[in-house]
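Understanding the architecture of this molecule
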Amino acid sequence: MSYRRSLNPDYTEGVDRKVLKTLCQRFITLVEHRLQRTRLALTPRQQVVLELLPLLFHVNHPLLPGYVSRTTPHRLVNYEPDKNIVAQAQRLSRSFNYREPARHHGDITSLYLMGSTGSIAHSGGSDFDVWLCHRSDLDATALMELQRKADLVCQWAMEMGSEMHIFLMDAEAFRSGRHEAAADSEDCGTAQHYLLLDEFYRTGIWLGGAYPLWWLIPPDQEANYAELAELLLEKRFIKPKDYIDFGGCARIPPNEFVGAGMWQLYKGIDSPYKSVLKLMLVESYAKDEDTLPNLSLAYKQAIFADTLDPDELDPYVMVYRRLEQSLQSQREQGRLDLVRRSFYLKIGERLSVFVPEREKSWRRKVMEKLTHEWEWSERELRYLDGRSAWKVDQVIQEKRAVVNELTGCYRFLSSYAREKGLAAAISARDINLLGRKLYAAFQRKAGKVEMINPGIAPNLSEDNLAFHHLSSQAIGAAGNGWLLYRNLSNPMDAAFNPAVKRSNSLIELLVWAYCNGLLDRSTSVSLASGESHASQYELQQIISSLRSLISLPLPEVTQQDYRAKAKLRTTLVYVNVGVDPMADLSRRGLHKLSNRNDALGYASERANLVVTLDQVIINSWNEVMVQRYESGDTLVQCLKNYLAALAESEQFGAGLPQLSVLCYCPTRAGAIAQRVSQLFQQVVACYFSAKERARSRYILQMEDRYFVLQFVDDQPRFTALDDYVGLCEFLAQPQKHYSSIVVDDYALSEDVLRAVFARMRPHAVQVFYLSQGRITDIYVIDEKGSLLVYRETGSDINVLLGSLKQFLLGVQERKQMHDSLVDDGAGFLEVEFYQLQPGKPEYRTEKRDISLHKGFGDYVEIQAIGAYENGRELDFNLYCEHKEFTVLEHGGRVAAALAHYLSSRFRNSAALPGYIIDLSLPHDLEREEYQSHLQTTQYLQYKVVLEREIRTARTDGAAYLAAPNMNPAAAR
């Protein structure tokens with residue numbers, strides 16, 4: 001007759017060594033149960049790994065796996081292999097002969113399996129987590145060799161069919177809190193200490209070496225763990241070499257719950273059901289810390305009470321029982337149902353499949369007992385057992401429940417931390433790492449494709465998918481949206497079936513279906529295009545491009561990826577999906593009337609054939625985004641957002657993402673794709689080919705409009721200009737820094753500006769002139785790249801250019817005197833002159849030496865000094881031949897007064913032209929900070945205006961201000 005004997009020793013009154021031995025034996029009994037259950041789940045080769053593991057670290061033999069050198073730490077304390085183990089080693093290496101290691105003290109203190117091994121959640125495919133405990137006084141070299149040996153043993157285990165992870169553990173360092181690791185797929189990083197210890201004590205399987213001293217401390221005395229441990233050791237009730245001390249676990253510090261919760265969320269992205277259980281356990285610990293013991297203490301209480309039921313003390317069953325107790329007390333039946341589903345799916349026993357009683361495994365018997373308690377029906381079992389056949393509806397529903405639970409637990413823990421004023425027991429490094437992965441997986445944002453299957457179902461592929469344009473529907477035909485259906489036997493059945501997903505973009509539906517596994521190579525697809533121009537051919541081509549350009553599964557995101565900003569990895573741009581850009585031109589026959597082939601200015605009407613764009617971006621955090629552009633200047637919007645993303649992620653040169661532009665519309669698809677691809681590549685090369693972004697302005701022409709791209713405060717800015725005159729006026733604006741001008745290959749074709757911009761360079765003032773009879777067009781690019789364009793009529797070209805050179809040199813002298821600081825536009829600049837001459841296909845430029853022309857006999861020299869005389873408007877006082885014409889004397893008629901003087905001066909002789917050769921401007925010209933150093937074109941602009949006013953007044957005999965037409969294009 002058996003009976004239970006509860007032990008509750010009080011060591012302060014004396015220690016009975018028989019009690020200590022009995023306690024150890026009870027723990028060993030459960031360990032042996034767990035080891036036996038572990039073996040049942042393993043193949044014969046995997047069993048060899050498990051059996052030989054202690055021996056491999058006990059001896060240091062070159063014929064056995066893991067050998068590094070003669071000095072590698074070895075010898076497992078208190079370990080003596082039996083004949084069967086030695087025989088297995090000899091089968092592995094026939095030349096191996098076992099000899100007891102010569103060292104008196106073992107370097108290896110003990111060896112443990114921990115985690116799910118031997119539990120109901122363990123299977124042949126599960127990995128092994130091993131704690132290899134070593135002496136605390138091993139030096140760095142010895143530890144490096146031991147780590148190398150552990151790595152080699154793991155490699156050998158993998159060859160034998162077992163995935164193994166061996167962690168080197170120093171009990172003294174762990175007990176004092178010096179253990180630290182980085183967060184990765186196998187280690188909890190800095191997120192937890194006592195929670196990890198709690199898991200170790202309740203799941204650890206002793207393989208050899210010293211026993212945990214924790215086994216001997218009564219559960220009701222856990223708070224006095226240190227004192228009792230010291231008593232047992234100092235009074236020599238136990239031998240120090242027989243036990244290893246990781247410390248007590250009476251209470252888990254509340255701040256660990258926050259860090260551990262974040263860590264479980266991190267793992268929950270890839271393993272949701274397992275993480276739901278662990279995350280909810282952390283929440284239960286936090287909520288019930290004052291009323292319920294942690295599971296390691298509950299485990300020890302059962303052993304001291306001699307209730308050694310291996311089923312109820314199974315680590316995973318204990319987790320479930322704790323959550324059941326907690327949730328039932330809080331009356332949260334919905335969450336308890338999720339826990340039960342998560343537990344059932346994690347275990348993986350298919351109870352709806354009949355198995356004879358004699359063939360039932362212990363795992364199945366435990367699950368039958370539990371599901372009977374839960375009163376689950378056969379229908380519920382069949383539903384969960386059919387997980388491999390779950391389709392999108394079930395997966396979305398299940399994901400919603402899982403994610404709600406994960407985020408709900410996280411919100412609770414965050415609130416818990418705030419209420420208690422806790423700092424999470426997790427390093428800033430790991431917080432950043434975990435937070436970024438959570439953001440990438442769960443954060444919703446515009447255009448982001450939701451991944452609906454984070455490890456919930458193994459296969460979501462559909463046999464048939466149908467893509468319907470909204471206009472094809474019998475009901476609700478208005479709009480341009482798209483609908484996705486599954487398993488439609490007839491397109492007319494769409495009205496009687498719910499759509500799986502809706503979107504304004506066909507590309508978004510295709511990407512969503514493809515990335516979530518609904519659309520694979522076996523899926524047949526159909527199309528109901530309605531009023532759109534989409535075709536079955538286009539649909540198949542898009543699907544084919546997704547398969548070739550986006551490999552699934554997406555590559556694993558490394559810790560290094562999360563530590564850096566999310567970078568663009570792949571970009572796909574689809575042009576004119578479901579659109580015929582030439583439908584109107586074809587109807588009118590205009591596509592045959594011109595040889596103009598630019599897709600952005602096609603045929604005689606310069607039609608833009610890029611109507612819509614769909615941009616697909618996959619970044620280094622595996623976020624997939626789709627953005628559709630279908631109104632306004634779609635190409636400019638798409639290009640701007642792409643450049644902004646590159647700037648945000650700081651990608652340059654070799655780090656630029658793969659870019660593919662695709663077009664499958666009915667007409668000119670290849671030419672359109674090539675044109676858009678060329679544009680993207682040229683713009684990206686302009687700004688991102690070097691490590692430092694160029695300060696350039698890029699000119700793009702679409703239809704009859706111009707767009708100028710420039711980065712302002714590290715953000716791309718497009719300025720739309722309606723015509724050529726507006727373009728020139730915009731390019732005349734002052735710049736903060738020297739800004740070159742890059743012209744798109746198809747913009748300003750055969751225009752003089754292409755030749756001008758090809759010559760421009762920094763640290764110079766360049767004058768280009770085109771003389772045609774009495775008309776001279778002048779193009780001036782100053783030291784910062786600002787362009788001034790104006791026209792002179794009826795002047796002697798040599799005098800005109802000589803006086804201009806005199807003025808420009810004077811401006812440089814004035815700037816040198818006024819500029820207190822030297823920047824990239826300061827200092828004396830070279831003044832260059834180029835003559836423009838017509839050529840094919842473009843204008844030619846030839847550098848010219850221009851002689852200075854003084855005013856003596858060639859022209860009249862005029863000086864202008866500007867000031868805010870009335871505090872609001874800029875006025876000029878003019879000086880000519882020692883005569884003053886001031887605002888104070890003539891008011892707004894200063895130019896008229898000077899004109900009258902000149903008319904009188906040349907009444908009896910040939911009139912000479914008047915040119916301003918010196919001009920002074922206030923430094924707060926337009927009250928903007930960057931104009932503290934005025935540019936040459938700002939001076940020149942006022943010179944041209946004033947000269948035109950004076951010339952007009954001399955011609956008309958009237959005095960009025962009229963801003964001149966400074967752009968020769970207006971006269972064309």
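The structure contained in this document is the topic of the report that follows.

Before going further, it helps to spend a moment on the sheet that holds strand S12 (residues 613-619). Within a sheet, neighbouring strands are paired by backbone hydrogen bonds and run either parallel or antiparallel to one another. Taking strand neighbours across the sheet as the criterion, the four strands line up as S13-S12-S11-S14 in an open arrangement whose pairing is mixed. Only two strands of the sheet have a single neighbouring strand rather than two, namely strand S13 (624-629) and strand S14 (658-663). Each strand axis lies, on average, 15° off the axis of its neighbour in the sheet, ignoring direction. When S12 meets S13, the two strands line up antiparallel, connected through six bridges.

Counting buried positions over the six residues of strand S7 (residues 464-469) gives five, a clear majority of the element. Taken together, the five bridges between S7 and strand S10 (residues 524-528) define a ladder with parallel strand orientation. Counterpart to His468 in the pairing with S10 is Ala528. In this structure, S7 lies alongside strand S8 (residues 482-486), joined through five bridges in antiparallel fashion.

The next point concerns the environment of Ala534. Looking at the element boundaries, Ala534 is found in the loop between S10 and helix H18 (536-549). When the C-alpha positions of Ala534 and Phe57 are compared, they lie 67 Å apart, and in sequence the two are 477 residues distant. Not counting residues within four places of it along the chain, the set of residues in contact with Ala534 comprises Trp482, Leu527, Ser529 and Gly578.

This brings us to empty space enclosed by the protein. One pass over the structure, following the stated rule, counts five cavities of 30 Å³ or more. The volume enclosed by the largest cavity comes to roughly 80 Å³. Residue lining of the largest cavity: Leu30, Val31, His33, Arg34, Arg37, Gly204, Ile205, Tyr299, Pro310 and Leu313, and that is the complete set. Considered class by class, the residues forming the lining of the largest cavity number six nonpolar, two polar and two charged. Estimated volume of the second largest cavity: approximately 70 Å³. Those elements that provide at least two residues to the lining of the second largest cavity are helix H6 (194-203) and strand S4 (205-209).

Take the pattern of salt bridges next. Tallied over the full model, the rule gives 50 salt bridges. Put simply, Lys241 and Asp242 hold a salt bridge, and the shortest N to O gap is 3.5 Å. For Lys241, a relative accessible area of 48% puts it in the partly exposed group. Lys847 is paired through a salt bridge with Glu830; the nearest N and O atoms lie 3.9 Å apart.

A few words on the side chain of Arg335. Looking at the element boundaries, Arg335 is found in helix H12 (residues 333-347). The class for Arg335 is buried, based on a relative accessible area of 16%. Of the polar contacts made by the side chain of Arg335, one reaches the side chain of Glu283; its length is 2.8 Å. Not counting residues within four places of it along the chain, the set of residues in contact with Arg335 comprises Met280, Glu283, Lys287, Leu327, Glu405 and Cys409.

Attention now moves to the packing of aromatic side chains. Scanning the model with the defined rule gives 32 aromatic pairs in all. For the pair Phe876 and Tyr942, a centre-to-centre distance of 5.6 Å together with 45° between the ring planes defines the contact as tilted. Of the two residues, Phe876 sits in strand S25 (residues 875-880) while Tyr942 sits in helix H28 (residues 936-956), which places them 66 residues apart along the sequence. Accessibility expressed as a relative area gives 23% for Tyr942, which makes it partly exposed. Just above the ring of Trp362 sits the side chain of Arg37; from NZ or CZ to the centre is 3.7 Å. Between the NZ or CZ atom of Lys149 and the centre of the ring of Phe57, over which it lies, the distance is 5.8 Å.

Rules and cut-offs
Residues numbered from 1 in each chain as written. Predicted model: local features only at pLDDT ≥ 70, side-chain atom pairs only at ≥ 80, totals over all residues. Heavy atoms only, no water. Pairing = 2+ DSSP bridges. Helix = DSSP H or I, 4+ residues; strand = E, 2+ residues; numbered from the N terminus. Axes fitted to C-alpha atoms, helices over the stretch in contact; angles between N-to-C directions. Buried < 20%, exposed > 50% of the residue type's maximum accessible area, 1.4 Å probe, protein only. Contact = heavy atoms within 4.5 Å. 1 Å grid on protein atoms, 1.4 Å probe; cavity = no way out; pocket = protein on both sides within 12 Å on 5 of 7 lines; lining within 4 Å. Points joined across faces, edges and corners; volume = space filled by probe spheres on them. Nonpolar A, V, L, I, M, F, W, Y, C, P; charged D, E, K, R; others polar. Salt bridge = Lys/Arg side-chain N within 4 Å of Asp/Glu carboxyl O. Polar contact = N/O pair within 3.5 Å; in protein donor to acceptor, adjacent residues only side chain to side chain. Phe/Tyr/Trp six-rings, centres within 6.5 Å; stacked < 30°, edge-to-face > 60°. Lys NZ or Arg CZ within 6 Å of the ring centre and 35° of its normal.

These results come straight from atomic positions and should not be treated as a statement about function.
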